[in-house]
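Structure assessment
What follows is each chain in one-letter form.
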Amino acid sequence: MTPKFEARLTERYSDLSGALRAAADHLARNPVELATRTLRSIARESGISPAAFSRLARALGYEGIEALRDEMRGRIEQRANGFAGRAERLHNDPKNREAGGFLEAHFAACQGNLRSFIDTVDRGELERAVERLGAARKVLLLGSLGSTGVVEYLSYMANFCADNWALASRSGASLGSGLVGLGPEDALIIVTKPPFSDRAIRATRLARDQGVYVVLITDTLECPALKYASARFIVPTGSQHFYSSYVTTVFLVECLIGMLVSRSGPAARGRIAEVEAANRVLAEVWDL
């Protein structure tokens, strides 16, 4: 993943001079300007010298101001090119209509996403997240829009081995009622991807303010909730599809539960057997 402007700026902001901080603050507030206007016009209206913007680009690790400008243009194009635009591209590429064409392309993309995640995931952070989730008094789960199904699947798996995991705002319950009373002994897992759900971002901030351990799963460094999270996992989602791929996200949540069970005591493993037995008594599963 190519580092984004925001990520580089966050990492190096404290080392910047006053002039470079002023230039950085201006670009952070007005990213469209650099992508669409000349450096001279930006300097004239902002009162910041063109040289400051050029030095800022190099200080952040870019080859020059044009490399930073290209990144800003890419961001704008990506935002403008929503699901409808991707669907149009998907339709217009004749390879996707060939037998197996889309199948092979999507498979290759998902393979690449998984490989990228395995190569870049912070294993120490994953270990710490599993430990904290295993020790939590209560674990609340939240996913909105396209992430809803993944969080429901996570809850389904977790409830086999634990009775303290719950979906937030399920069956009409308010999100606020689930967050009230949570504190440092508790955890919140949030899955959110563009287009971001406003309630997910606000819930992350509220939970952080209450001292809750927040695990955030997203697919971009531009996610507004990242700054409120205790543990952060960026999952690749690119594909030929018009919608973001959730294959790597599902892989990650399965890893979380698998690692928890691998470290669990007899009570958790016994609960899994009890849940299976109860499902059979209630005829919830077809027993061959």
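Predicted, not measured: the structure shown is a model, and the values here were computed from it.

**Let's talk about the overall build of the protein**
Looking only at helices and strands, the protein has 14 helices and five strands in total. In the protein, which comprises 288 residues, the share counted as buried stands at 41%. Look at the contacts in the protein between residues 6 or more apart in sequence, and 70% of them connect residues 24 or more apart. Surface summary for the protein: the accessible area is close to 15600 Å², and the carbon and sulfur share equals 54%.

**A few points about the nonpolar core**
Leu-133, Trp-165, Ile-189 and Phe-233 are the most contacted members of the largest nonpolar core, which totals 33 residues. Put simply, the parts of the chain that give this core at least two residues each are α9 (123-135), β1 (139-143), α10 (148-161), β2 (165-167), β3 (187-191), β4 (213-218), β5 (231-234) and α13 (247-262). The leading source of residues in this core is α13, at six residues. Ignoring sequence-local partners within four residues, the contact set of Phe-233 consists of Val-121, Glu-125, Leu-126, Ala-129, Val-215, Leu-216, Ile-217, Thr-218 and Leu-252. Judged by nonpolar contacts, the second largest core, of 21 residues, contains Phe-5, Leu-20, Leu-34 and Ala-57.

**Here we look at unusual backbone geometry**
Unusually for a residue other than glycine, Leu-145 sits at a positive phi of about 55°. As for its placement among the helices and strands, Leu-145 is situated in the loop between β1 and α10.

**Describing the pattern of salt bridges**
A side chain with one charge may pair with a side chain of the opposite charge, provided their charged atoms come close. Under the defined criterion, the tally for this structure stands at seven salt bridges. It is possible to trace a salt-bridge network through shared partners that takes in Glu-127, Glu-131 and Arg-263.

**Some remarks on the packing of aromatic side chains**
In this structure the tally under the stated criterion is two aromatic pairs. Where Phe-117 meets Phe-251, the ring centres are 6.4 Å apart and the plane angle is 85°; that geometry is what we call edge-to-face. Of this pair, Phe-117 sits in helix α8 (residues 101-120) while Phe-251 sits in helix α13, and the two are 134 residues apart along the sequence. A relative accessible area of 3% places Phe-117 in the buried class. Between the aromatic rings of Tyr-156 and Phe-160, the centroid separation amounts to 5.4 Å while the plane-to-plane angle is 80°, which identifies the pairing as edge-to-face.

**A short note on the packing of α10 against α13**
Axis separation between α10 and α13 bottoms out at 10 Å; the angle between their running directions is 10°. As judged from the angle between their axes, α10 and α13 are roughly parallel. Every pair of crossing elements has a handedness; the one defined by α10 and α13 is right-handed. Contacts from Val-150, Tyr-153, Leu-154, Met-157, Ala-158 and Cys-161 of α10 reach α13 at Thr-249, Val-250, Val-253, Glu-254, Ile-257 and Val-261. Looking at the contact of α10 with α13 residue by residue, the class counts come to 10 nonpolar, one polar and one charged.

**Remarks on helix α12 (residues 198-209)**
With 12 residues, α12 extends 17 Å from end C-alpha to end C-alpha; this agrees with the ideal 16 Å at 1.5 Å per step. Considering only its buried residues, α12 is in contact with β1, α11 (175-179), β3 and β4. Following α12 by one or two positions, Gly-211 has its phi on the positive side, about 85°.

**Description of the sheet that holds β2**
Read from one edge of the open sheet, five strands run β2-β1-β3-β4-β5, paired in parallel fashion. The open sheet is flanked by β2 and β5, the only strands paired with a single partner. Pairs of neighbouring strands in the sheet enclose a mean axial angle of 15°, with direction left out of account. Here β1 runs beside β2; their pairing, made up of three bridges, is parallel. Among the inter-strand pairings, Val-139 is bridged to a residue of β2, identified as Trp-165.

Thresholds, definitions, all that
Residues numbered from 1 in each chain as written. Predicted model: local features only at pLDDT ≥ 70, side-chain atom pairs only at ≥ 80, totals over all residues. Heavy atoms only, no water. Helix = DSSP H or I, 4+ residues; strand = E, 2+ residues; numbered from the N terminus. Buried < 20%, exposed > 50% of the residue type's maximum accessible area, 1.4 Å probe, protein only. Contact = heavy atoms within 4.5 Å. Areas by Shrake-Rupley, 256 points an atom, 1.4 Å probe, with all protein chains shown as cover. Core = buried A, V, L, I, M, F, W, Y, C linked by side-chain atoms within 4.5 Å. Salt bridge = Lys/Arg side-chain N within 4 Å of Asp/Glu carboxyl O. Phe/Tyr/Trp six-rings, centres within 6.5 Å; stacked < 30°, edge-to-face > 60°. Axes fitted to C-alpha atoms, helices over the stretch in contact; angles between N-to-C directions. Parallel < 35°, antiparallel > 145°, perpendicular 65-115°, else oblique. Left-handed = near helix turned anticlockwise from the far one by under 90°. Nonpolar A, V, L, I, M, F, W, Y, C, P; charged D, E, K, R; others polar. Expected span 1.5 Å × (residues − 1). Pairing = 2+ DSSP bridges.

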